[in-house]
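# Descriptive structure summary
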Amino acid sequence: ELSEIVVLATDSGAQKQVVQPTYKISVNPPAVNNAELNGQYAFSFEGADQGQVDIVGSFTADGAGNLTSGLQDVNRASGVTSSQAFVGTYEIYADDRGRFNLKTSPGGADLGTFRFAVGSFNAGVASKARFIEFDSTITRGGGVIEKQDPTAFSTAKITGDYAFGVSSALSGAAGRFTAASGNITAGSLDEDNQGTVNSDESFTGTYSVAANGRGTLAFNVTGAAKPVNAVFYVVSSGELQLMSSDAQNVNTVFAGTILQQKGAGTFSNASLNSASVIGLQGPNNAAGNDVVLGILSIPSAGNFTLAADENNAGIVGTLSQLGTYTAAANGRVTVTGTTHPLVLYLLDANKGFVVGTDSNATTGFFEPQTGGTFSAASAKGSFFQGPGTPGDTLFGLSYDSGVVTFDGASNFTGTTDSTGGSAGLLQAQGSSAAYAIATSGRGTIGNTIFYLISPTKYLLIDVGVGVAQSTISVGEN
């Protein structure tokens, strides 16, 4: 749909000249890329309305603009909705941005409208998307959509060692366990609930997976008065998207990710041996969010340095810290020397989940940095950008998703959809700016700072003056 806008331009000279150009703006561009979403996908969402809102689910996209076989679980302050069926429609524009709408049934109750950006293509089909809620409701938040592997939809396929990270508005946790034949053993977790820390707790549990990829699990933490129940949707045998299924007045609500752990039983200080990009965030209860993004380096086994940027409730600065760490064989790593005392749970060498042990209830993730030494040429091409995965994201006043382009020299352009904050819903916001990338992989674009994990992935935070609720966004191509 094209709308015409007529603008009268008059100069200020004595002999006035009037120009009347007509501009055509694409309000609803044609959905030319619907085939890019095709197959079965899982999704997870973390946000807020009157309280925390977590959603996990799955749907099938037909490549022609229709969503079928939708199923979702929703945890709100008002209650838990389990296995809610839905249908939907979607459209993907020429720039790989798009929108989708969900309903309980054709012509049924509305379940929300969302904006998203697709990427990570395989034979022309997106394997991932990042999305935000984009409607007139008070719910604000975002998450990730990932292509599912239906061959993993059974209890027997979820087997081996796993680590996880979860978060909520004021708490976070990370841990690990061993799964086999529906039973969970050798569980260990660290939890920070508004500064109340429970360290290295042991747990056992059970789990099961239905033929549609929806699973349930129960954790029994040693010494806890009641079990913790959760629901998850299988992305693959190595990844589950997770949400608590207990009512919020029963247990702390959370959402996050469970990933396959490689090397359990053999981890040591030597398992950290190269630079990683680390993102940490937690609520600063007094004023906003405390977000840290930087490089975790290992000069020698058992020692680390952290060079990072921080936006602590609008106060922006840099961190330069050093300390020590000790890694247990199961992948649990204790850290000393940081402003936010941390516990890590390794997934593999130089990669894992993070939970803090401070009043900010910090959570995060770190992964190896590859592709350096870096320069402006290290970022080139189109990236889809949006909220991080629940479990290493944080609540903000606004959320963005979109598509951006680096030209490999110094020029950045982008188109994003934004929701929340004083400006409300902002559709198709264009931007252009210069960018620079240091040899470390630290980059700047106006009031944002980003760190390259590799030439195909980066993390980004807003360090603009007065931005008190910055969150970490992820860009990939």
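Calculation rules
Residues numbered from 1 in each chain as written. Predicted model: local features only at pLDDT ≥ 70, side-chain atom pairs only at ≥ 80, totals over all residues. Heavy atoms only, no water. Phe/Tyr/Trp six-rings, centres within 6.5 Å; stacked < 30°, edge-to-face > 60°. Helix = DSSP H or I, 4+ residues; strand = E, 2+ residues; numbered from the N terminus. Buried < 20%, exposed > 50% of the residue type's maximum accessible area, 1.4 Å probe, protein only. Salt bridge = Lys/Arg side-chain N within 4 Å of Asp/Glu carboxyl O. Core = buried A, V, L, I, M, F, W, Y, C linked by side-chain atoms within 4.5 Å. Contact = heavy atoms within 4.5 Å. Pairing = 2+ DSSP bridges. Axes fitted to C-alpha atoms, helices over the stretch in contact; angles between N-to-C directions.

A few words on the packing of aromatic side chains. All told, the structure shown has 25 aromatic pairs when counted by the stated rule. Seen from their ring centres, F45 and F114 are 6.5 Å apart, and the 80° between their planes marks the pair as edge-to-face. Remark: F114 occurs in strand β10 (residues 110–122) and F45 occurs in strand β5 (residues 38–48); sequence separation between them is 69 residues. Across this residue pair, the class does not change: F45 and F114 are buried. For the pair F203 and F219, a centre-to-centre distance of 4.7 Å together with 50° between the ring planes defines the contact as tilted. Of this pair, F203 sits in strand β16 (residues 196–209) while F219 is found in strand β17 (residues 214–221), placing the two residues 16 residues apart along the sequence. F219 shares its class with F203; the two are buried. Here a set of aromatic residues connected by ring pairs shows up, and it is made of Y41, F43, F45, F59, F86, F100, F114, F116 and F131.

On to the pattern of salt bridges, then. Under the counting rule described, the total for this entry stands at 13 salt bridges. Residues R76 and D49 are paired through a salt bridge, measuring 2.6 Å at the closest nitrogen-oxygen approach. Separated by 27 residues along the polypeptide, R76 in strand β7 (residues 66–76) and D49 in the loop between β5 and β6 (52–62) bring together distant segments of the chain. Residue classification places D49 among the partly exposed positions, given a relative accessible area of 26%. In this structure, D417 engages R97 in a salt bridge whose closest nitrogen and oxygen atoms are separated by 3.1 Å. Placement of the pair is D417 in strand β31 (residues 411–420) and R97 in strand β9 (residues 97–103), with a sequence separation of 320 residues. For R97, a relative accessible area of 4% gives the class buried. A single network of salt bridges, built from pairs that share partners, joins D95, R97 and D417.

To continue, consider the nonpolar core. F177, F203, L217, V234, L242 and I258 are the most contacted members of the largest nonpolar core, which has 25 residues in total. Of all the secondary-structure elements, those providing two or more residues to this core are β13 (160–167), β14 (171–180), β15 (183–193), β16, β17, β18 (228–236) and β19 (239–244). At four residues, the largest contribution of residues to this core is made by β18. Ignoring sequence-local partners within four residues, the contact set of I258 consists of Y162, A163, F164, F177, L217, G238, E239, L240 and L242. Membership of the second largest hydrophobic core comes to 23 residues, among which are I55, F100, L102 and V125.

The next thing to look at is the environment of G371. With respect to the element layout, G371 can be found in the loop between β28 (363–368) and β29 (380–387). The spacing of G371 and G441 is 70 residues in sequence and 9.1 Å in space, taken between C-alpha atoms.

Time to look at the sheet that holds strand β35 (residues 457–462). What holds strands together in a sheet is hydrogen bonding between their backbones, with the strands either parallel or antiparallel. Taken in spatial order, the eight strands close into a barrel running β29-β30-β31-β32-β33-β34-β35-β36, and their pairing is antiparallel. The mean angle between the axes of side-by-side strands here comes to 30°, regardless of whether they run parallel or antiparallel. Bridge count between strand β33 (residues 442–445) and strand β34 (residues 448–454): four bridges; the pairing is antiparallel. Counterpart to I445 in the pairing with β34 is T448.

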